[in-house]
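Summary of the model geometry
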Amino acid sequence: MSQRDDHSLWKLPQLLSVEAKRAVYREPRIYWVGTEDKRAHGAVEFLVRTSSGLPIRALSPVLFVGDVAVGECRQEGENLYRYFAYDVERLQPGAPIFLAWPNLPRPRTATRFRYQPPSPAVS
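A brief report on the enclosed structure follows.

Here's the deal with the sheet that holds strand β3 (residues 62-65)
- With respect to topology, three strands assemble into an open sheet ordered β4-β3-β7, the strand pairing being antiparallel. At either margin of the open sheet sits one strand with a lone partner, and together these are β4 (68-70) and β7 (97-100). Averaged over all pairs of adjacent strands, the angle between their axes in this sheet comes to 35°, without regard to strand direction.
- Both β3 and β7 contribute to a ladder of four bridges, which runs antiparallel.

This is the structure in structure tokens:
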């Protein structure tokens, strides 16, 4: 495999849009931090549209909000993904939003998107 082929395996699509909204859940959602399961009654959900589909790999790309990695994701449509941030207090207003591979050193591709806390929650 050439160096160019290896680089393309790690290439991520561009972010075309990012919408953040607060969500409240009637039943708590279980999420994992390491090997510990936690429960959340709410989250900030990020609806992300990309220029192409996310690569299917053993590790999935994560959405970074500043230094906070938001890893739980579900596909909503073609090139449309919903990321769930349960530790809302860790999200900093004005933090840059970008896609990256988890646990890999920079560089990370800058985007025009910044986190602005969404208005009141919807259920």
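Looking at the pairing of strand β2 (residues 36-50)
- As defined by bridge partners, strand β1 (residues 15-33) adjoins β2 across 14 bridges and the pair is classed as antiparallel. By the bridge assignment, Arg 22 is partnered in β2 with Val 44.
- Counted between consecutive antiparallel strands, the loop separating β1 from β2 contains two residues, among which Gly 34 sits at a positive phi close to 65°.
- Pairing geometry for β2 and strand β6 (residues 80-85), over six bridges, is antiparallel. Bridging from a neighbouring strand, Val 48 pairs with Tyr 81 of β6.

Thresholds, definitions, all that
- Residues numbered from 1 in each chain as written.
- Predicted model: local features only at pLDDT ≥ 70, side-chain atom pairs only at ≥ 80, totals over all residues.
- Heavy atoms only, no water.
- Pairing = 2+ DSSP bridges.
- Helix = DSSP H or I, 4+ residues; strand = E, 2+ residues; numbered from the N terminus.
- Axes fitted to C-alpha atoms, helices over the stretch in contact; angles between N-to-C directions.

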